[in-house]
Amino acid sequence: MFIIYDLIFIIFILIYLPIYLFKGKFHKGFLRRLGSLPEGLVFNEPIWIHAVSVGEVMAMRELISELRREYPLKMFVISTVTPTGNKIANTIAQEGDFVTYLPLDLSFILKRVIKRIKPCVFIIAETEIWPNLITSLYKSRIPIAILNARISDSSFKGYSAVKFLLKPVLDKVSIFCAQSGNDSFRLNILGAKPLNIAVTGNMKFDQVPSKELDPVLYRQRLGLKSKERLLIAGSTHPGEEIIILNAYRLLLNNFPELRLLIAPRHPERADEVKSLADNAGFQAGRISLMDADALAAKEVFILDTVGELKGFYSAADIVFVGGSLVKRGGQNILEPAGAGKPVIFGPYMFNFRDIAQVFLEHKAAIEILDRDGLVAAVSSLLDNNLKAERLVKNAREVISHNQGATKRNIKLIGKFIEGSAYGY
């Protein structure tokens, strides 16, 4: 079966490679995806952690910190699949660690890389199913742990259609640490062994805001005056920015001191978002291209860099979390909530349904449906400091109550790290 999978994967690569090159996405790390590793680098049964998205890399930050305390002599290999993820991973890695790109899911490439690295355990963030990777690790007797395991509605539908192919792969995973009972149920339905599934919670609740973030510094970077207030629309998607800009126009009628920062989910859209703001009649500026004096004259700021949104969240008065006014499934609301900011999101939060639900049940966030709802929610929070403070207080209690998944996961995977990687 996996020979057929290899052939299909190779055909896909040959078809997609010209598009990949045309879009300028060929990066220097691509050789790592072909299995090329630096000569002379010595691996001693490291802990190998793989995360695809930036959010997944960030979710692993606390796990890595805890593992360092438990196993201070262990080396970490951190792999991603994108340059952005790789950049964030390098901020987490310490001297002696190795940050790389995950090899392509081709058995002949994986076999060589796994034999070279020989991890004591392979940890996958959330639920990335790589058939050849999992099979190659299993054949090398390397334990596989999938942490923060989640099966979204769309993934469940797709996986169910190929359940007969998926079950033999899931059988090879040593432990699934599921975010919720629903995720555990879906994993079992898809073929994972019940004894290999544990509900440990969502590790994203364990992400602690950095104490080094100075909101005053971030306000100064924007040239904000003391009486000006900041609304941040974080991780926005196409189709959302125009709704936000129209809402902002209405808000200015009653709150002329309000400023808006839009952080598109993909920073390469910064020029597109700036054009939308310009065409809507606003004075807009890209943050990376202007100093504080120039930005002070702007009404709308466009965040066009990677890794800084958390810092600007610290300077916000209110945060709207994007991907939720359009059908993209929402984004992580825990970062702004953890930073002590009142949070608003739209109706499409299906990728973060469990988190959104618990926040709403405890009156720790506000859900809106459209532009008018956004105007009403922001207005109510700007007019009523007590309401905003209650929202923040409730959010902190929700986060505190749901923390601990990281420690529970470490307890489960510790037996693989402490035991023999090849005789567990």
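Within each chain, residue numbers correspond to sequence positions counted from 1 in written order. Where local features are concerned, this predicted model is filtered to residues with pLDDT of at least 70; where side-chain atom pairs are given and counted, the filter is 80 or more; whole-chain, interface and lining totals use all residues. By convention in this description, side-chain values take in all heavy atoms of the structure and omit both hydrogens and water.

J.: Would you explain the nonpolar core in this entry?
T.: The nonpolar side chains of a soluble globular protein tend to be buried with one another. The biggest cluster of nonpolar side chains holds 39 residues, and the ones touching the most others in it are Trp48, Phe122, Ile129, Phe176 and Leu187. Helix and strand definitions here come from DSSP, where helices need a minimum of 4 consecutive H or I residues and strands a minimum of 2 consecutive E residues; each element is numbered from the N-terminal end. Residue assignment for this core shows that the elements contributing at least two residues are helix H5 (107-117), strand S4 (121-125), helix H6 (131-139), strand S5 (144-149), helix H8 (163-170), strand S6 (175-178) and helix H9 (181-190). No other element matches H5, which puts five residues into this core. Leu295, Leu303, Phe359 and Ala365 belong to the second-largest nonpolar core, a separate cluster that totals 35 residues. Nine residue types can take part in a nonpolar core, namely buried Ala, Val, Leu, Ile, Met, Phe, Trp, Tyr and Cys, and a core is a set of them joined through side-chain atoms within 4.5 Å. Burial here depends on accessible area, computed with a 1.4 Å probe over protein chains only, as a share of the maximum for the residue type. Under 20% is buried, over 50% is exposed, and the range in between is partly exposed.

J.: I would appreciate a short explanation of the sheet that holds S5 in the present structure.
T.: Sheet strands line up and pair through hydrogen bonds in the backbone, either parallel or antiparallel. Within the open sheet, the seven strands sit side by side as S3-S2-S1-S4-S5-S6-S7. Their pairing is parallel. Edge positions in the open sheet fall to strand S3 (98-101) and strand S7 (197-199), since each of these has one partner strand only. Neighbour to neighbour, the strand axes of the sheet diverge by 20 degrees on average, direction disregarded. Direction of pairing for strand S1 (residues 47-50) relative to S4: parallel, over a ladder of four bridges. Counterpart to isoleucine 49 in the pairing with S4 is isoleucine 123. For two strands to count as paired, DSSP must find a minimum of two bridges between them. Axis definition: a line fitted to C-alpha atoms, over the contacting stretch in the case of helices. Angles run 0 to 180 degrees between N-to-C directions.

J.: What is the right way to read the side chain of arginine 269 from this model?
T.: By the secondary structure assignment, arginine 269 is in the loop between strand S9 (258-264) and helix H12 (270-279). Relative accessible area serves as the criterion here: at 10%, arginine 269 is assigned to the buried category. In this description, contact between two residues means that some pair of their heavy atoms is separated by no more than 4.5 Å. Beyond its immediate sequence surroundings of up to four residues, arginine 269 is in contact with Thr236, His237, Pro238, Glu241 and Pro264.

J.: Help me understand the pairing of strand S2 (residues 76-80) in this model?
T.: Two faces make up the sheet, and in a regular strand the side chains alternate between them. With five of its five residues buried, S2 lies for the most part within the structure. Where burial is concerned, the two faces of S2 agree: the one with Phe76, Ile78 and Thr80 and the one with Val77 and Ser79 are both buried. The pairing of S1 with S2 spans four bridges and is classified as parallel. Residue pairing for S2: isoleucine 47 is matched across the bridge by phenylalanine 76. The path from the first strand over the helix to the second decides the hand: if it runs clockwise while the strands point away from the viewer, the crossover is right-handed. With helix H3 (residues 54-70) bridging S1 and the parallel S2, this β-α-β connection has right-handed handedness. For S2 and S3, the ladder comprises four bridges, and the chain directions are parallel.

J.: I would appreciate a short explanation of a nonpolar patch on the surface in the present structure.
T.: Two joining distances apply to patches: 9 Å for like charges and 5 Å for nonpolar side chains (Val, Leu, Ile, Met, Phe, Trp, Tyr), and every residue must have over 30% relative accessible area and no salt bridge. The Shrake-Rupley method, run with a 1.4 Å probe, gives the accessible areas here. Residue values count only the displayed protein chains as cover. Whenever Lys or Arg places a side-chain nitrogen within 4 Å of a carboxyl oxygen from Asp or Glu, that contact is recorded as a salt bridge. Residues Val162, Phe164 and Leu165 make up a contiguous nonpolar surface patch of about 280 Å² in total accessible area. Mapped onto the elements of the fold, valine 162 is located in the loop between helix H7 (153-161) and H8. Given a relative accessible area of 33%, valine 162 falls into the partly exposed group.

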